[in-house]
Amino acid sequence: MPKDALPRLRLTPPDPFPKLVPQSNIQVYIMQAPTLRDVYEAKKTIAPYLPRTPLQHSPGLSKRLDAQVYLKHDEHLPLGAFKARGGINLLAHLSQEERDRGVITASTGNHGQSIAQACRIFGARAYIVLPRGANPLKVAALRSLGAEVIFHGDNFDEARAHCDRLAKEEGYRFVHPANEPLLIAGVATQTLEVIEDMPDVEAIFMPLGGGSTAAGACIVAKTISPDIQVVAVQSEEAPGGYLYWEQGKEVEAPTTTFAEGLATRVGYDLPQSILRQHLDDFVLVSDDEIRCAIGVLIEEAHTLAEGAGAAALAGALRRPELVKGKKVSITVSGANTTLPQLLEAVKVYQGRN
Ligand SMILES: *Cc1c(COP(=O)(O)O)cnc(C)c1O
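Attention in this report is confined to the structure presented alongside it.

Conventions and cut-offs
- Residues numbered from 1 in each chain as written.
- Predicted model: local features only at pLDDT ≥ 70, side-chain atom pairs only at ≥ 80, totals over all residues.
- Heavy atoms only, no water.
- Helix = DSSP H or I, 4+ residues; strand = E, 2+ residues; numbered from the N terminus.
- Rg over C-alpha atoms; globule rule 2.2 N^0.38 Å.
- Buried < 20%, exposed > 50% of the residue type's maximum accessible area, 1.4 Å probe, protein only.
- Areas by Shrake-Rupley, 256 points an atom, 1.4 Å probe, with all protein chains shown as cover.
- Lys, Arg positive; Asp, Glu negative; His and termini not counted.
- Charge placed at Lys NZ, Arg CZ, Asp CG, Glu CD.
- Core = buried A, V, L, I, M, F, W, Y, C linked by side-chain atoms within 4.5 Å.
- Contact = heavy atoms within 4.5 Å.
- Pairing = 2+ DSSP bridges.
- Axes fitted to C-alpha atoms, helices over the stretch in contact; angles between N-to-C directions.

1. Remarks on the overall build of the protein
Inference 1: Per the secondary structure count, the protein includes 15 helices and 12 strands.
Inference 2: Compactness check: the protein gives a C-alpha radius of gyration of 19 Å against a globular reference of 20 Å for 353 residues, within 12% of the reference.
Inference 3: If you line up the protein on its principal axes, its C-alpha atoms span 55 × 45 × 40 Å.
Inference 4: Burial statistics for the protein: of 353 residues in total, 59% are counted as buried.
Inference 5: Put simply, the protein shows about 14,900 Å² of open surface, and 52% of that area lies on carbon and sulfur atoms.
Inference 6: Charge centroids of the protein, computed over 36 positive and 41 negative side chains, lie 2 Å from each other.

Okay, structure coming up:
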């Protein structure tokens, strides 16, 4: 997609909801990036459901990185990851009629769980489309959150295509993992909390998968002060978001990373339109560097993270010159690791130390 066809950032407050505009038989979302005002509103919206998470100084990491390092502990949230911030904000803004029709998405991971949980809170039906053979533990978790699980196809692309079809045929509200202003405004509350707790923060490190969180961080940080550096970190084993940011267009990339939260094949238009305008730096790290960051978090900060949850720290460890001498916030975005993933991470970390 050419750069000038990207959704544009507006300075006026956006409509609370993207409009559907029919265009040559295709339904196209006209999307507007959320503003800081939307993030403040999201903060009020999610407050009854989610606790504020701690921003904690880490003496061990500060010493290791020769910086004042603070960890933003979003793994403390219910469901063990930050995504509920977005899911709850989105569901809170749907009409009763939309909730009654139902909400559909395709994800076994933290996104699917966040939507399922938000649907339960707001009395909407949640349909989650998964490929046959999806991890039964995750299927059980989705069902226990009240979601109706629909199996289709042999892989995620087939499941997603079926999800699109059902949304069109049945009129369900399709929830995209990243091209959703309300999700971005919701997850951006994380950065708002960081800056409220530490107004003199100089750099913020974020993991990047679909890009909503990093885009939300840019909106909040850059509106408050252009001097706050925002750095995104992605696995080089799933570099679709990085390639879009670098080249200004969708580039499909393989995903072989173990960090499921980062495993997206492409970058998405709405977060990328924000990232390309505001993001200061983008760091790619190897999966083994992410595994080592999981080990460092355990040893230096007594903190459990899943792969995606340790990626931001892995980026700071990879590029220490970006943090040296600064006051930095590093996000721990989630802790939903399996035991085998954790054992493998500890093994790699010990082998390198
Ligand atoms: C989804 C997810 C990410 C990536 O966030 P995006 O907003 O998709 O870029 C990072 N960490 C965890 C734990 C996640 O679940």
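Next, the rest of the story.
2. Here we look at the nonpolar core
Nonpolar side chains in soluble globular proteins generally cluster together in the buried interior.
Inference 1: With 38 residues, the main nonpolar core has Leu 65, Phe 205, Leu 297, Leu 313 and Ile 330 as its most contacted residues.
Inference 2: Apart from residues lying up to four places away in sequence, Leu 297 is in contact with Leu 61, Leu 71, His 302, Thr 303, Ala 305, Ala 310, Leu 313 and Val 332.
Inference 3: Core analysis: the second largest hydrophobic core is formed by 36 residues, Leu 55, Val 194, Leu 243 and Leu 279 among them.

3. As for the sheet that holds strand 9 (residues 203-207)
Inference 1: Strand order in the open sheet formed by six strands is 3-4-12-9-10-11, with mixed pairing between adjacent strands. Where the open sheet ends on each side, the last strands, each with one partner, are strand 3 (55-57) and strand 11 (281-285). Taken pair by pair, the neighbouring strands of this sheet meet at an average axis angle of 25°, ignoring direction.
Inference 2: Judged from the three bridges that link them, strand 9 and strand 12 (residues 327-332) form a sheet pairing that is parallel. Considered in strand 12, the bridge of Ala 203 is made with Val 328.
Inference 3: Of the strands in this sheet, strand 9, strand 10 (229-235), strand 11 and strand 12 touch helix 14 (residues 307-318), which is tilted by about 135° from strand 9.

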